[in-house]
Amino acid sequence: MPHRIQVTSVLNKTRKRDSWFLDDYTINMYSGCSFNCLFCYIRGSKYGENMTAALSIKENAIDILHKQLAARAKKKQYGFIVVSSATEPYLHFEQEELLTQKALEVILHHRFPVHIITRSDLVARDFDLLAEIDNKAILPADLALTLQRGTIITFSFSTTDDTIAHVFEPGATLPSKRLQTLNATVQRGFLSGVSLMPLLPYISDTAAHLDEMFGSFKTAGAKYVLPATLTLFGSAPADSKQLVLRAIDKHYPHLSAKYRQFFGTSNEMPGYYRQAFHTKATALCKQYGISNQIIPPDAAT
Ligand code: SF4
């Protein structure tokens, strides 16, 4: 069972809005994540190998959020709230706890725009609420002309292959189901796309796999794809680097030497790989007619 904790703050103001995620603020209603993705950057000794056991529910988060957003709204400090930056907003406990749903009600009340980032199909439960936010949110002045949307919904993928995902994202909604939910999200009229991260070297970054994924995203109606390569940290058993290397040894032993060559002394793939990947991803976005940013560069013209 998850722990119940009290917090003194739940709304984090970012120092600078990231041009990819448009995060003026972030909130995390849970601490830890039961989806247990092996590559997750929040991993480490704080949560252990199975993050479900260390999951915490921020019991008083709704009251705190209400107060913090009221103070920001009073000063007209509107900005996109990313839900979530360090956990999954629709993890399994959300079905009973409803913390994310209640947070969205508070966000709607104070008329802040929201950016949902998820690996779950449960977001569909909140479509009505998210549609209201989409219509009623007050955008920050510098985005009002270029965006004109109060809700953004991004689905994260490291692969679209259910078998591969079962190894690396064991608790997340299967990619096949996630793609259906992406399509339902687009059909409902939301601005929605894909955070394609992290791509798994030699597994989900091959030309054939990338081509198949971009085809699936296009078919599902994704308006943008934000691609990024794999970054791994740590030398302790519960750290992402060790967990991914152990999974490679077990499920992809032919790649063990390669992964150790690249991640043995580094946290990321070499510069030439990242440059080639960037070029390839840009070309694929162009080929499939999908933007590589939520706000396309020509949106203001
Ligand atoms: S869903 Fe997100 S926060 Fe949860 S384990 Fe996976 S990458 Fe980490």
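Everything discussed here concerns the structure shown above.
As the structure is a computational prediction, the values presented were derived from the model and not from experiment.

Visitor: How should the packing of aromatic side chains be read in this particular structure?
Guide: The relative placement of two aromatic rings is captured by the distance of their centres and the angle of their planes. The tally for this structure, following the rule as stated, stands at 10 aromatic pairs. With a centroid separation of 6.4 Å and 80° between ring planes, the pair formed by Trp-20 and Phe-21 is classed as edge-to-face. Classification of Phe-21 as buried rests on a relative accessible area of 18%. Aromatic pair Phe-214 and Phe-217: ring centres 6.3 Å apart, planes at 65°, arrangement edge-to-face. Of this pair, Phe-214 and Phe-217 both sit in helix H7 (residues 207-220), three residues apart, which is roughly one turn of that helix. No difference in accessibility class separates Phe-214 from Phe-217, as the two residues are buried. The aromatic ring of Phe-157 is capped on one face by Arg-178, whose charged end is 5.1 Å from the ring centroid.

Visitor: What is the right way to read the environment of Phe-217 from this model?
Guide: When its relative accessible area of 0% is taken as the criterion, Phe-217 is described as buried. The spacing of Phe-217 and Ser-192 is 25 residues in sequence and 11 Å in space, taken between C-alpha atoms.

Visitor: What am I meant to see in helix H4 (residues 127-136) here?
Guide: Three- or four-residue spacings in an α-helix give side chains the same orientation, since the helix completes a turn every 3.6 residues. Of all the positions in H4, only Phe-127, Leu-129, Leu-130, Ala-131, Ile-133 and Asp-134 are classed as buried. The inward-facing, buried residues of H4 contact helix H3 (99-110), strand E7 (114-118), strand E8 (151-157) and helix H6 (175-187).

Visitor: Before we go on, may I ask you to explain the nonpolar core in this structure?
Guide: In globular proteins that are soluble, nonpolar side chains generally tend to be buried together. With 87 residues, the main nonpolar core has Ile-107, Leu-130, Phe-168, Phe-217 and Tyr-259 as its most contacted residues. In contact with Phe-168, not counting residues within four places along its chain, are Asn-36, Cys-37, Leu-38, Phe-39, Leu-200, Ile-203, Val-244, Ala-247, Ile-248 and Tyr-252.

Visitor: Which parts of the structure should I look at to understand the sheet that holds strand E5 (residues 56-58)?
Guide: Backbone-to-backbone hydrogen bonds pair the strands of a sheet. The strands run either parallel or antiparallel. Taken in spatial order, the three strands line up as E1-E5-E4 in an open sheet, and their pairing is mixed. The sheet terminates laterally at strand E1 (3-5) and strand E4 (30-31), the two strands that pair on one side only. As defined by bridge partners, E4 adjoins E5 across two bridges and the pair is classed as antiparallel. Bridge assignment links Tyr-30 to a residue of E5, and that residue is Ile-57.

Visitor: Just to check I follow, could you spell out the side chain of Ser-120 for this structure?
Guide: By secondary structure assignment, the location of Ser-120 is in the loop between E7 and H4. Classification of Ser-120 as buried rests on a relative accessible area of 2%. The residues contacting Ser-120, other than those within four sequence positions of it, are Phe-35, Glu-88, Tyr-90, Phe-155, Thr-173 and Arg-178.

Visitor: Hey, could you run me through the pattern of salt bridges in this one?
Guide: Pairing of side chains with opposite charge becomes possible as their charged atoms draw close. Taken as a whole and judged by the stated rule, the model has 12 salt bridges. Measuring nitrogen to oxygen at the nearest pair gives 2.7 Å for the salt bridge that ties Glu-94 to Arg-125. Of this pair, Glu-94 sits in helix H2 (residues 94-97) while Arg-125 sits in the loop between E7 and H4, and the two are 31 residues apart along the sequence. By relative accessible area, which is 29% here, Arg-125 ends up partly exposed. If you follow the salt bridges from partner to partner, you end up with Arg-17, Asp-24 and Asp-142 in one network.

Visitor: Would you take a moment to explain the sheet that holds strand E10 (residues 225-229) for this structure?
Guide: Across the sheet, which stays open at both edges, the seven strands sit in the order E2-E3-E6-E7-E8-E9-E10 with mixed pairing between neighbours. Two strands lie at the open edges of the sheet, namely strand E2 (11-13) and E10, each paired on one side alone. Across the sheet, the axes of successive neighbouring strands diverge by a mean angle of 20°, strand direction being ignored. Examined bridge by bridge, E8 and strand E9 (residues 191-199) share six bridges and lie parallel to one another.

Visitor: Any chance you could explain the packing of helix H8 (residues 240-251) against helix H9 (residues 256-263) here in plain terms?
Guide: The relative placement of two packed helices is expressed as an angle between their axes plus a distance between the axes. One way to put it is that H8 packs onto H9 with a least axis distance of 9 Å and a crossing angle of 160°. In terms of orientation, H8 lies roughly antiparallel with respect to H9. The handedness of the crossing between H8 and H9 comes out as left-handed. Judged by residue contacts, Lys-241, Val-244, Leu-245, Ile-248 and Asp-249 of H8 engage Ser-256, Tyr-259, Arg-260 and Phe-263 from H9. Grouping the constituent residues of the contact of H8 with H9 by class yields five nonpolar, one polar and three charged.

Visitor: In this structure, what is going on with the pairing of E10? I would like to understand it.
Guide: Regular strands place side chains that alternate from one sheet face to the opposite one. For E10, the tally of buried residues reaches five of five residues, placing the bulk of the element in the interior. By the alternation rule, side chains of E10 split into Val-225, Pro-227 and Thr-229 and Leu-226 and Ala-228, which are all buried. Sheet topology note: the E9/E10 ladder contains four bridges and is parallel. Bridge assignment links Val-194 to a residue of E10, and that residue is Val-225. Note that the unit made of E9, H7 and E10 has a crossover that is right-handed.

Parameters and conventions
- Residues numbered from 1 in each chain as written.
- Predicted model: local features only at pLDDT ≥ 70, side-chain atom pairs only at ≥ 80, totals over all residues.
- Heavy atoms only, no water.
- Phe/Tyr/Trp six-rings, centres within 6.5 Å; stacked < 30°, edge-to-face > 60°.
- Buried < 20%, exposed > 50% of the residue type's maximum accessible area, 1.4 Å probe, protein only.
- Helix = DSSP H or I, 4+ residues; strand = E, 2+ residues; numbered from the N terminus.
- Lys NZ or Arg CZ within 6 Å of the ring centre and 35° of its normal.
- Contact = heavy atoms within 4.5 Å.
- Core = buried A, V, L, I, M, F, W, Y, C linked by side-chain atoms within 4.5 Å.
- Pairing = 2+ DSSP bridges.
- Salt bridge = Lys/Arg side-chain N within 4 Å of Asp/Glu carboxyl O.
- Axes fitted to C-alpha atoms, helices over the stretch in contact; angles between N-to-C directions.
- Parallel < 35°, antiparallel > 145°, perpendicular 65-115°, else oblique.
- Left-handed = near helix turned anticlockwise from the far one by under 90°.
- Nonpolar A, V, L, I, M, F, W, Y, C, P; charged D, E, K, R; others polar.
- Right-handed = clockwise from strand over helix to strand, strands pointing away.

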